[in-house]
Amino acid sequence: QVQLVESGGGLVQAGGSLRLSCAASGRTFSNYNMAWFRQAPGKEREFVASISRSGGIPFYADSVKGRFTISRDNAQNTVYLQMNSLKYEDTAVYYCAAGSGLIAIMSPNGYEYWGQGTQVTVSS
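Scoring rules and cut-offs
Residues numbered from 1 in each chain as written. Predicted model: local features only at pLDDT ≥ 70, side-chain atom pairs only at ≥ 80, totals over all residues. Heavy atoms only, no water. Salt bridge = Lys/Arg side-chain N within 4 Å of Asp/Glu carboxyl O. Phe/Tyr/Trp six-rings, centres within 6.5 Å; stacked < 30°, edge-to-face > 60°. Helix = DSSP H or I, 4+ residues; strand = E, 2+ residues; numbered from the N terminus. Buried < 20%, exposed > 50% of the residue type's maximum accessible area, 1.4 Å probe, protein only. Lys NZ or Arg CZ within 6 Å of the ring centre and 35° of its normal. 1 Å grid on protein atoms, 1.4 Å probe; cavity = no way out; pocket = protein on both sides within 12 Å on 5 of 7 lines; lining within 4 Å. Points joined across faces, edges and corners; volume = space filled by probe spheres on them. Nonpolar A, V, L, I, M, F, W, Y, C, P; charged D, E, K, R; others polar. Lys, Arg positive; Asp, Glu negative; His and termini not counted. Polar contact = N/O pair within 3.5 Å; in protein donor to acceptor, adjacent residues only side chain to side chain. Contact = heavy atoms within 4.5 Å. Pairing = 2+ DSSP bridges.

**So, the pattern of salt bridges**
Enumeration according to the criterion identifies four salt bridges in this entry. The salt bridge partner of arginine 38 is glutamate 46, with a shortest N-O separation of 2.6 Å. Its salt-bridge partner being lysine 65, residue aspartate 62 comes within 3.1 Å of it at the nearest N-O pair. Here the salt bridges do not stand alone but share partners, grouping Arg38, Glu46, Arg67 and Asp90 into one network.

**So, the packing of aromatic side chains**
Summed over the entire model, instances satisfying the criterion amount to five aromatic pairs. The interplanar angle of 75 degrees and the centroid separation of 6.0 Å between the aromatic rings of tyrosine 32 and tyrosine 113 together place this pair among those described as edge-to-face. Of this pair, tyrosine 32 sits in the loop between strand E3 (18–26) and strand E4 (33–39) while tyrosine 113 sits in strand E10 (residues 113–114), and the two are 81 residues apart along the sequence. On the accessibility criterion, tyrosine 113 (14% relative accessible area) is buried. An angle of 80 degrees between the planes, with centres 5.7 Å apart, marks the rings of phenylalanine 37 and phenylalanine 47 as edge-to-face. With phenylalanine 37 in strand E4 and phenylalanine 47 in strand E5 (residues 46–51), this residue pair connects regions lying 10 residues apart in the sequence. Within the aromatic cluster, the residues linked to one another by ring pairs are Phe37, Phe47, Phe59, Tyr111 and Trp114. Directly above the ring of tyrosine 95 sits arginine 45, whose terminal nitrogen or CZ lies 3.8 Å from the centroid. Sitting over the face of the ring of tryptophan 114, arginine 45 holds its NZ or CZ atom 4.8 Å from the ring centroid.

**Observations concerning the layout of surface pockets**
Counted as a void, the largest pocket has a volume near 190 Å³. Taken together, Arg38, Gln39, Ala40, Lys43, Glu44, Glu46, Tyr88, Glu89, Thr91 and Ala92 make up the full set of residues lining the largest pocket. Across the lining of the largest pocket, the residue classes break down as three nonpolar, two polar and five charged.

**Quick word on the side chain of glutamate 6**
Along the polypeptide, glutamate 6 turns up in strand E1 (residues 2–7). Of the side chains with opposite charge, arginine 45 comes closest to the buried, unpaired glutamate 6, at an N-O distance of 7.6 Å. Within the structure, the side chain of glutamate 6 is placed 2.8 Å from the backbone nitrogen of cysteine 96, a separation counted as a polar contact. In terms of polar contacts, glutamate 6 uses its side chain to reach the backbone amide nitrogen of glycine 117, at 2.9 Å. Discounting residues that sit within four places of it in the chain, glutamate 6 has contacts with Ser21, Cys22, Trp36, Tyr94, Tyr95, Cys96, Gly115, Gln116, Gly117 and Thr118.

**Brief notes about the environment of glycine 42**
On the secondary structure map, glycine 42 appears in the loop between E4 and E5. For the pair formed by glycine 42 and threonine 69, sequence separation is 27 residues and the distance between their alpha carbons is 26 Å.

**What to know about the environment of proline 41**
Position of proline 41 relative to the elements: it lies in the loop between E4 and E5. Separated by 50 residues in the primary sequence, proline 41 and threonine 91 place their C-alpha atoms 9.1 Å from one another.

**So, the pairing of E1**
Burial of the side chains of E1 is restricted to one face: Val2, Leu4 and Glu6 are buried, whereas none of Gln3, Val5 and Ser7 on the reverse face is. As defined by bridge partners, E1 adjoins E3 across six bridges and the pair is classed as antiparallel. Its bridge partner being in E3, valine 2 is matched across the sheet by glycine 26.

Put into structure tokens, the structure is as follows:
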């Protein structure tokens, strides 16, 4: 089992920044690809960003490319999502996820473990 706990969400004005953190415990963190997803009210959960086990090969949804940065610290068992130039449409609950597949993919089906989510609200 892997336990994931997100933090860092909150209320921010459009154009502002937030940094989300996801602390992992349980099994060896570096064995897992990590990803961030988000879900807005009335919408399906959508992929935001992913990062491979070693920290290389980050991948982003087109909607956040150039504004968000995913990173991980395997020594601290933590994955981060730096969010800059936030827009109203970024408002959602953000979830971190861990997957043991060969590669980090965009589908939620590729991740076995999920955090409880953290709310990000961007005011226009």
